[in-house]
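What follows is each chain in one-letter form.
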Amino acid sequence: MSQPLLQTPLYDLHVRMGAKMVPFAGYEMPVQYNLGVKKEHLHCRDAAGLFDVSHMGQLRLRGENAAKMLEMLVPVDIIDLPEGKQRYAFFTNEAGGIEDDLMVTNFGDHLFIVVNAACKAQDIAHLQSHLQAGVELEVVTDRALLALQGPKAVEVLAQLNPQVRDMVFMDAVRIELLGQECYVSRSGYTGEDGFEISVANSHAQTLAIALLKNDNVEWIGLGARDSLRLECGLCLYGHDLDSTTTPIEASLLWGISKVRRTDGERDGGFIGADVILTQMATKAVSRKRVGLIGQTKAPVREGSLLFDANDNHVGVVTSGSFGPSVSIPVAMAYVASTYSEVDTVLFAEVRGKRLPMTVTKMPFVSQRYYRG
């Protein structure tokens, strides 16, 4: 028997707002609202969208050696992460593959970690199996997670606490919103400026309703969340990233901190370092993640096979849709390295037809994070 689906603290509110609920990572989640996916997508690009991402895992890591311990599991600089700052990271395995991607925040008295919903259980087990003496892992179950994204997000949230105006991309603070302490980071997964807000379950609905009272804010479902992140070239774990894919194949070289690279101050020392650092040095990978834009109007979906002009199978699409902001089909794919050059023309197989697509630089839509 399959396990019953879980619900976030905002489930009842989604239903009242007319959301279409679907199974996602073990939860009943809103895929779209009455606006529809395209209008939700464009509203987030133009104003502000509110996302329920409470299905994701929230963890605290405490102890004098917490940062040192976490560095054994990620190729990222955690020891020197300043207090009040957040950093993108990924767990790696012995083969150099990515087990999950995550966000790490230094709140001074603890590291606050957000992991993907589908990987929660394995990530918790992974951390627990590597705990060092004096380091404590706490699984946070009493907090919801909201994302407020879009160019007007700062104006909306500043009405509840003006302090957010002083934040820049990847800043994180503990502040009061409507009289309740919230963990707020200036980050998100749409490519837009915005915030992610960890809030007590008991206060989540009150906060969401207060934000939605602003005319600039609309609920946004999983459908538009997917097209927004794709347009901005952001990977989705389980699709563009998995345990068989290394950060080098995934074009995530920027996610490996300089101090953890060969000849860095703390080079290596993480799981799979030999494989990953060798790939960095030699650039010897057989496949690479690339962006593709369609030469026709037909969207190309995940799983579509890619061929060259001579009918050789050279890759596969891992994310794809019609990009509402750019009015063309966009996709991410893994292709044989020899076909990864910009302007290479490949052909996606869709319902028995071969549709031309062109390798292009990402993101498809410029990221608009606020850096000050």
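- As recorded by an unreviewed UniProt entry, the protein carries the name aminomethyltransferase and is attributed to Photobacterium aquimaris.
- UniProt lists a comment for the protein under the heading Catalytic activity (unreviewed entry), and it reads "N(6)-[(R)-S(8)-aminomethyldihydrolipoyl]-L-lysyl-[protein] + (6S)-5,6,7,8-tetrahydrofolate = N(6)-[(R)-dihydrolipoyl]-L-lysyl-[protein] + (6R)-5,10-methylene-5,6,7,8-tetrahydrofolate + NH4(+)".
- Quoted verbatim from the Sequence similarities (unreviewed entry) heading of the UniProt record, the comment on the protein is "Belongs to the GcvT family."

1. Side note on the sheet that holds strand β8 (residues 136-140)
Working step 1: Sheet architecture is open: 5 strands sit in the order β5-β6-β7-β4-β8, paired in antiparallel fashion. Whereas interior strands pair on both sides, the edge strands pair on one side only; in this sheet they are β5 (86-92) and β8. Taking each pair of neighbouring strands and ignoring which way they run, the sheet shows an average axis angle of 30°.
Working step 2: Pairing of β5 with strand β6 (residues 98-106), which is carried by 7 bridges, proceeds in the antiparallel orientation. What sits directly across from Phe91, in β6, is Asp100.

2. A closer look at the state of the cysteines
Working step 1: If you walk through the whole model with that rule in mind, you get 0 disulfides.
Working step 2: The thiol of Cys44 is unpaired, and the distance to the nearest cysteine sulfur, on Cys232, comes to 9.3 Å.
Working step 3: The buried category is assigned to Cys44, whose relative accessible area is 0%.
Working step 4: This cysteine, Cys119, is not joined by any disulfide, and Cys235 carries the nearest cysteine sulfur, 13 Å off.
Working step 5: Judged by relative accessible area, which is 5%, Cys119 ranks as buried.

3. Quick word on the UniProt feature "domain: GCVT N-terminal" (unreviewed entry) in the protein
Working step 1: The UniProt feature table records "domain: GCVT N-terminal" (unreviewed entry) at residues 10-257.
Working step 2: Span residues 10-257 is 24% helix and 31% strand, its end C-alpha atoms 37 Å apart.

4. What about the sheet that holds strand β10 (residues 172-177)?
Working step 1: Strand order in the open sheet made by the 6 strands is β10-β11-β12-β9-β3-β13, with mixed pairing throughout. The two strands at the open ends of the sheet, each matched to only one other strand, are β10 and β13 (217-219). Strand-to-strand, the axes of this sheet are offset by a mean angle of 30°, without reference to chain direction.
Working step 2: Bridge count between strand β11 (residues 180-185) and strand β12 (residues 194-200): 3 bridges; the pairing is antiparallel.

5. A closer look at the packing of helix α2 (residues 37-46) against helix α7 (residues 222-231)
Working step 1: Between α2 and α7, whose axes approach to 8 Å, the crossing angle comes to 50°. Between α2 and α7, the interaxial angle falls into the category oblique. With respect to the hand of their crossing, α2 and α7 are arranged in right-handed fashion. Contacts from Val37, Glu40, His41, Cys44 and Arg45 in α2 reach Gly223, Ala224, Ser227, Leu228 and Glu231 in α7.

6. As for the pattern of salt bridges
Working step 1: With the rule as written, the count across this model stands at 19 salt bridges.
Working step 2: For Arg45, the salt bridge is made with Glu231, and the minimal N-O distance between the two is 2.9 Å. A residue pair is termed long-range when its members are at least 10 positions apart, and Arg45 in helix α2 and Glu231 in helix α7 qualify at 186 residues. Accessibility classification places Arg45 together with Glu231 in one group, the buried group.
Working step 3: Three or more residues joined by partner-sharing salt bridges are found here, namely Glu71, Asp77, Asp80, Arg260, Glu265 and Arg266.

7. Section: helix α4 (residues 120-129)
The α-helix advances 3.6 residues per turn, and as a result positions three or four apart in sequence lie on the same side.
Working step 1: If you check which residues of α4 are buried, you get Asp123, Ile124, His126 and Leu127. End-on, the buried residues of α4 take up no more than an arc of 160°, which puts them together on one face. The exposed set on the far side of α4, more than 90 degrees from its buried face, consists of Ala121 and Ser129.
Working step 2: Those residues of α4 that are buried lie in contact with β4 (57-62), α3 (66-71), β5, β6, β7 (111-115) and β8.

8. Some words on the packing of aromatic side chains
Two aromatic rings are characterised by how far apart their centres lie and by the angle between their planes.
Working step 1: A full pass over the atoms with the stated rule returns 7 aromatic pairs.
Working step 2: Seen in terms of ring centroids, Phe107 and Tyr183 are 5.1 Å apart; in terms of plane orientation they differ by 45°. Their pairing is tilted. Highlighted residues: Phe107 in the loop between β6 and β7 and Tyr183 in strand β11, separated in sequence by 76 residues.
Working step 3: Residue classification places Tyr183 among the buried positions, given a relative accessible area of 7%.
Working step 4: Through a chain of ring-to-ring contacts, the aromatic side chains of Tyr88, Phe90 and Trp254 assemble into a single cluster.

9. Points about unusual backbone geometry
Working step 1: The peptide bond linking Met362 to Pro363 adopts the cis configuration, its omega dihedral lying at 5°.
Working step 2: A positive phi angle, close to 75°, is found at Met170, a residue other than glycine.
Working step 3: Phi at Asp263 takes a positive value of approximately 70°, unusual for a residue other than glycine.
Working step 4: Among the secondary structure elements, Asp263 is positioned in the loop between α7 and α8 (273-282).

What counts, and where the lines are drawn
- Chains are numbered independently. Their residues run from 1 in the order of the written sequence.
- With pLDDT at 70 or above as the cut-off, local features in this predicted model cover only qualifying residues; side-chain atom pairs require 80 or more to be listed or tallied, and sums for whole chains, interfaces and linings still use all residues.
- Hydrogens and waters are ignored; side-chain quantities use all the structure's heavy atoms.
- UniProt positions are given in the numbering used here, feature names are shortened, and annotations may be inferred rather than shown by experiment.
- A strand pair is defined by DSSP finding two or more bridges across the two strands.
- A helix here means a DSSP run of H or I that spans at least four residues, while a strand means a run of E at least two residues long, and both kinds are numbered starting from the N terminus.
- All axes are obtained by fitting lines to C-alpha atoms, using only the stretch in contact for helices, and the reported angles, taken between N-to-C directions, cover 0 to 180 degrees.
- For this text, the term disulfide refers to a pair of cysteine sulfurs within 2.5 Å.
- Accessibility here uses a 1.4 Å probe with only protein chains present; expressed as a share of the type maximum, an area under 20% marks a residue as buried, one over 50% as exposed, and anything in between as partly exposed.
- The scheme is simple: roughly parallel for angles under 35 degrees, roughly antiparallel for over 145, roughly perpendicular for 65 to 115, oblique for anything else.
- Throughout, a crossing is termed right-handed when the near helix is turned clockwise from the far one, and left-handed when it is turned anticlockwise from it by less than a right angle.
- Contact criterion: two residues are considered in contact whenever any of their non-hydrogen atoms come within 4.5 Å of each other.
- In the sections that follow, a salt bridge refers to a side-chain nitrogen of Lys or Arg positioned within 4 Å of a carboxyl oxygen of Asp or Glu.
- To be clear, the arc concerns the directions from the helix axis to the C-beta atoms.
- Between rings of Phe, Tyr and Trp, where Trp is taken as its six-membered ring, a pair exists when centres lie within 6.5 Å; planes separated by under 30 degrees are stacked, by over 60 edge-to-face, and by other angles tilted.

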